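# Structural overview for review
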Amino acid sequence: MSNGIGMITDGLVAFLLVVTIGYCILLNRRLKLLKADEQSLRATISELVTATEIAERAIGGLKLTVHECDMGLGERLRKAERVTIEIGRAIVAGKDLLGRLSQIAISGGETNEPVMPVPEARRSDAKAVAAAAEAFAERLRTKVHGLAA
């Protein structure tokens, strides 16, 4: 009987060893798949890190470009504001000059009222306007003298 129990135990141990070997083979296959997935995951992570670095460099370049554009645009806006102010002054000076020239032309060149001098600041801004106004006044004089004659 002891021989029968020994055989049963030996058979049971052999069976458990076969089951253990089968389970180890199954685990080995799963570990190989997991290892392959790990390599794939590492490659994906590496690509993601590379893409992130490229994106960070691109963002840095874009920030620099935006800063340069902001500086350039700000300077252009300041220049445009200065030119607008200068144009406004020239328009006012031109209107004043045109009004005085019209009064002179209407009165026939003679006036009892003293003509107000143009301030120095307006003289420098209105040189071109003054030249055009002189030409206009000369044409008006020609017309007035031509009609009077």
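Because the structure is predicted, anything quoted here is derived from the model rather than measured.

### Section: the overall build of the chain
Scanning the chain from N- to C-terminus turns up 3 helices and 0 strands. Its helices and strands in sequence order give the chain the pattern α-α-α, from N to C terminus. Out of the 149 residues in the chain, the part that is buried amounts to 7%. Surface exposure of the chain reaches about 12,800 Å², of which carbon and sulfur atoms provide 66%.

### Here's the deal with the pattern of salt bridges
Enumeration according to the criterion identifies 4 salt bridges in this entry. Notably, a salt bridge pairs Glu38 with Arg42, separated by 2.8 Å at the nearest N-O pair. With Glu38 and Arg42 both in helix H1 (residues 2–106) and 4 residues apart, the pair spans about one turn of that helix. The exposure class of Arg42 is exposed, given its relative accessible area of 52%. By sharing partners, the salt bridges in this structure join Lys35, Glu38 and Arg42 into a single network.

### Describing H1
With 105 residues, H1 extends 148 Å from end C-alpha to end C-alpha; this agrees with the ideal 156 Å at 1.5 Å per step. Turning to H1, its buried residues are Gly74, Ala90, Ala93, Gly94, Leu97, Leu101 and Ala105.

### Notes on a nonpolar patch on the surface
A contiguous nonpolar surface patch, about 390 Å² in accessible area, is contributed by Leu12, Phe15, Leu16 and Val19. For Val19, the location among the structural elements is in helix H1.

### Side note on the confidence of the model for the chain
Parts of the prediction with low pLDDT should not have their coordinates interpreted in detail. This prediction gives the chain a mean pLDDT of 82; 83% of its residues lie at or above 70. Mean pLDDT across the secondary structure elements of the chain bottoms out at helix H2 (residues 120–125), with 52, and peaks at H1, with 90.

### Thoughts on the environment of Ile104
With respect to the helices, strands and loops of the structure, Ile104 is situated in helix H1. C-alpha of Ile104 to C-alpha of Arg141: the two residues are 37 residues apart in sequence and 9.4 Å apart in space.

### Observations concerning the environment of Lys127
For Lys127, the location among the structural elements is in helix H3 (residues 127–148). A C-alpha to C-alpha distance of 9.5 Å links Lys127 and Gly94, two positions 33 residues apart in sequence.

Criteria and thresholds
One numbering rule holds for all chains: residues counted from 1, following each sequence as written. Whole-chain, interface and lining totals are the exception, using all residues; otherwise, since this is a predicted model, local features are given only for residues with pLDDT of at least 70 and side-chain atom pairs are given and counted only at 80 or more. Derived side-chain values reflect all non-hydrogen atoms in the structure, with water molecules and hydrogen atoms excluded from consideration. Every helix listed is a DSSP run of H or I at least four residues long, and every strand listed is a run of E at least two residues long, numbered separately from the N terminus. When accessible area is computed with a 1.4 Å probe and restricted to protein chains, residues below 20% of their type maximum are described as buried, those above 50% as exposed, and intermediate ones as partly exposed. To measure how exposed things are, a 1.4 Å probe is used in the Shrake-Rupley method; for residues, cover is taken only from the protein chains shown. Take a side-chain nitrogen of Lys or Arg and a carboxyl oxygen of Asp or Glu: if they are within 4 Å of each other, that pair is a salt bridge. Multiply 1.5 Å by the residue count of a helix minus one, and that product is the helix's expected span. Only residues whose relative accessible area exceeds 30% and that form no salt bridge are eligible for patches; like-charged ones are grouped when within 9 Å, while nonpolar side chains (Val, Leu, Ile, Met, Phe, Trp, Tyr) are grouped when within 5 Å. Summary of the metric used: pLDDT quantifies the predictor's per-residue confidence within the range 0 to 100.

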